[in-house]
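What follows is each chain in one-letter form.
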Amino acid sequence: DAKTTQPPSMDCAEGRAANLPCNHSTISGNEYVYWYRQIHSQGPQYIIHGLKNNETNEMASLIITEDRKSSTLILPHATLRDTAVYYCIVRVGQGNTGFQKLVFGTGTRLLVSP
Amino acid sequence: NAGVTQTPKFQVLKTGQSMTLQCAQDMNHNSMYWYRQDPGMGLRLIYYSASEGTTDKGEVPNGYNVSRLNKREFSLRLESAAPSQTSVYFCASRENTGELFFGEGSRLTVL
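Residues numbered from 1 in each chain as written. Chains lettered and ligands numbered in written order. Predicted model: local features only at pLDDT ≥ 70, side-chain atom pairs only at ≥ 80, totals over all residues. Heavy atoms only, no water.

Asks: Give a description of the overall build of chain A that names residues and reports values.
Replies: Helix and strand counts for chain A stand at zero helices and nine strands. For chain A, the succession of helices and strands along the chain, N to C, is β-β-β-β-β-β-β-β-β. Burial status across chain A gives 44% buried among its 114 residues. Counting contacts in chain A only where the partners sit at least 6 residues apart, residues at least 24 apart contribute 59% of the total. Summed over its atoms, the accessible surface of chain A is roughly 5,800 Å², and 50% of this surface lies on carbon and sulfur atoms. (Helix = DSSP H or I, 4+ residues; strand = E, 2+ residues; numbered from the N terminus. Buried < 20%, exposed > 50% of the residue type's maximum accessible area, 1.4 Å probe, protein only. Contact = heavy atoms within 4.5 Å. Areas by Shrake-Rupley, 256 points an atom, 1.4 Å probe, with all protein chains shown as cover.)

Written as C-alpha cells, this is what we have:
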C-alpha cells in the first residue's frame, strides 16, 4: 500500500474549519484514501473515505487532488471534541487482503482551542 | 447494539504469565482484527480473521496466538508474556464496504 505523510500536529480555533493535509504521492489507481481519528486512547473511529471524487458526510469532507497524490480532510466547524489524532491511510480496493497491509502511521494531532 | 466489546480493559501480568484477551462483535461482520498500539505510535496488525474458521498473521504475530471461536468472537492469547508486549490492544471488525469498527482497547502491562 502507498505510504502517507502527514504533519505531526496542527492547531485550530473552535468554530473554524480544520484542514488536515495528507500526501500519498505513490498511490496506485485502485487504492482508496481513508481517514480515521483517535480521541485520547480510545479505539480509532472511521470518518470518511474516497477513491478520486470528493466526498462529504455528516462528519467531514474529503478533497482529493486530480492527480490523487494528496488529499485534505476538512472539518467545517471544529469543536473542542474534535481534538484527536487523525490518520490518513491508503489501501487497495474493497477486498479483504488490503487490510493485512493497513498502516496507520503516527497521524496528525489536531488541537482545537477555545 | 454494543458494537465491538473487549475484555478485560486493564490487566497487569508478570513476565512468563499467560492470558487471553477476548473480543466480541454484534454487527454480524465476517472479518475481525487484533492490533497493538505502543505509546506515540500508530496501530500495528497482529492477526486477522477474514471469516469464521480462518486466521492469518499480520505485521507483528510473534508471541501471540488467536482463535476465531465463532462469527462473533475473536480471542488473542499471550502464552508467555514479555515486557515488550506491554501495549494497548485493539480489536476491530469490518463490514464488506471496508470500514473498520474498533473496540475501546485493552491496556496490558507486563512487569
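Here the narrative resumes, following the displayed structure.
Asks: An account of the overall build of chain B is requested, with residue identities and associated values reported.
Replies: A tally of regular secondary structure across chain B gives zero helices and eleven strands. In chain B, the order of α-helices and β-strands from amino to carboxyl end is β-β-β-β-β-β-β-β-β-β-β. Over its C-alpha trace chain B gives a radius of gyration of 13 Å, about what one expects of a compact globule, namely 13 Å for 111 residues. Expressed along its principal axes, the backbone C-alpha trace of chain B runs to roughly 40 × 25 × 25 Å. With 111 residues in all, chain B has 48% of them scored as buried. Sequence-distant contacts in chain B: of pairs separated by 6 or more residues, those separated by 24 or more amount to 52%. If you sum the accessible surface of chain B, you get close to 5,000 Å²; carbon and sulfur atoms cover 49% of it. Each charge class in chain B can be summarised by its mean position, and for the 11 positive and 10 negative side chains these summaries are 6 Å apart. (Rg over C-alpha atoms; globule rule 2.2 N^0.38 Å. Lys, Arg positive; Asp, Glu negative; His and termini not counted. Charge placed at Lys NZ, Arg CZ, Asp CG, Glu CD.)

Asks: So what about the pairing of strand S11 (residues 106–110) of chain B? Which residues, and what values?
Replies: Moving residue by residue along a regular strand, the side chains alternate between the two faces of the sheet. Residue and element names in this part refer to chain B. Residues Ser106, Leu108 and Val110 line the buried face of S11, whereas the alternating positions Arg107 and Thr109 sit on a face that is not buried. Pairing geometry for strand S2 (residues 10–13) and S11, over four bridges, is parallel. Within S11, the position partnered with Phe10 by the bridge is Arg107. Pairing of strand S9 (residues 87–94) with S11, which is carried by three bridges, proceeds in the antiparallel orientation. Note on S11: the bridge partner recorded for Tyr89 is Ser106. (Pairing = 2+ DSSP bridges.)

Asks: Let's hear about the sheet that holds strand S1 (residues 4–7) of chain B: which residues, and what values?
Replies: Residue and element names in this part refer to chain B. Taken in spatial order, the four strands make up an open sheet running S1-S3-S8-S7, and their pairing is antiparallel. Looking at strand neighbours, the two that pair on one side only are S1 and strand S7 (65–68), the edges of this open sheet. Recorded for the sheet is a direction-independent mean angle of 15° between the axes of neighbouring strands. Here strand S3 (residues 19–25) runs beside strand S8 (residues 74–78); their pairing, made up of three bridges, is antiparallel. Bridging across to S8, Leu21 finds its partner in Leu76. (Axes fitted to C-alpha atoms, helices over the stretch in contact; angles between N-to-C directions.)

Asks: Outline the interface of chain A and chain B, supporting the account with residue identities and numerical values.
Replies: Listed per partner, the contact involves 19 residues of chain A and 24 residues of chain B. For the pair chain A and chain B, the two sides together bury roughly 1,700 Å², of which 49% comes from carbon and sulfur. Where chain A meets chain B, there are zero salt bridges. Scanning the region where chain A abuts chain B turns up three residue pairs in polar contact (both at pLDDT 80 or more). Of all the secondary-structure elements, those providing two or more residues to the side of chain A that touches chain B are strand S3 (31–38) and strand S8 (84–92) of chain A. Looking at the side of chain A that touches chain B, the element that brings in the most residues is S3 of chain A, giving three residues. Its residues assigned to classes, the side of chain A that touches chain B comprises eight nonpolar, ten polar and one charged. (Buried area = accessible area lost by both parts, 1.4 Å probe. Salt bridge = Lys/Arg side-chain N within 4 Å of Asp/Glu carboxyl O. Polar contact = N/O pair within 3.5 Å; in protein donor to acceptor, adjacent residues only side chain to side chain. Nonpolar A, V, L, I, M, F, W, Y, C, P; charged D, E, K, R; others polar.)

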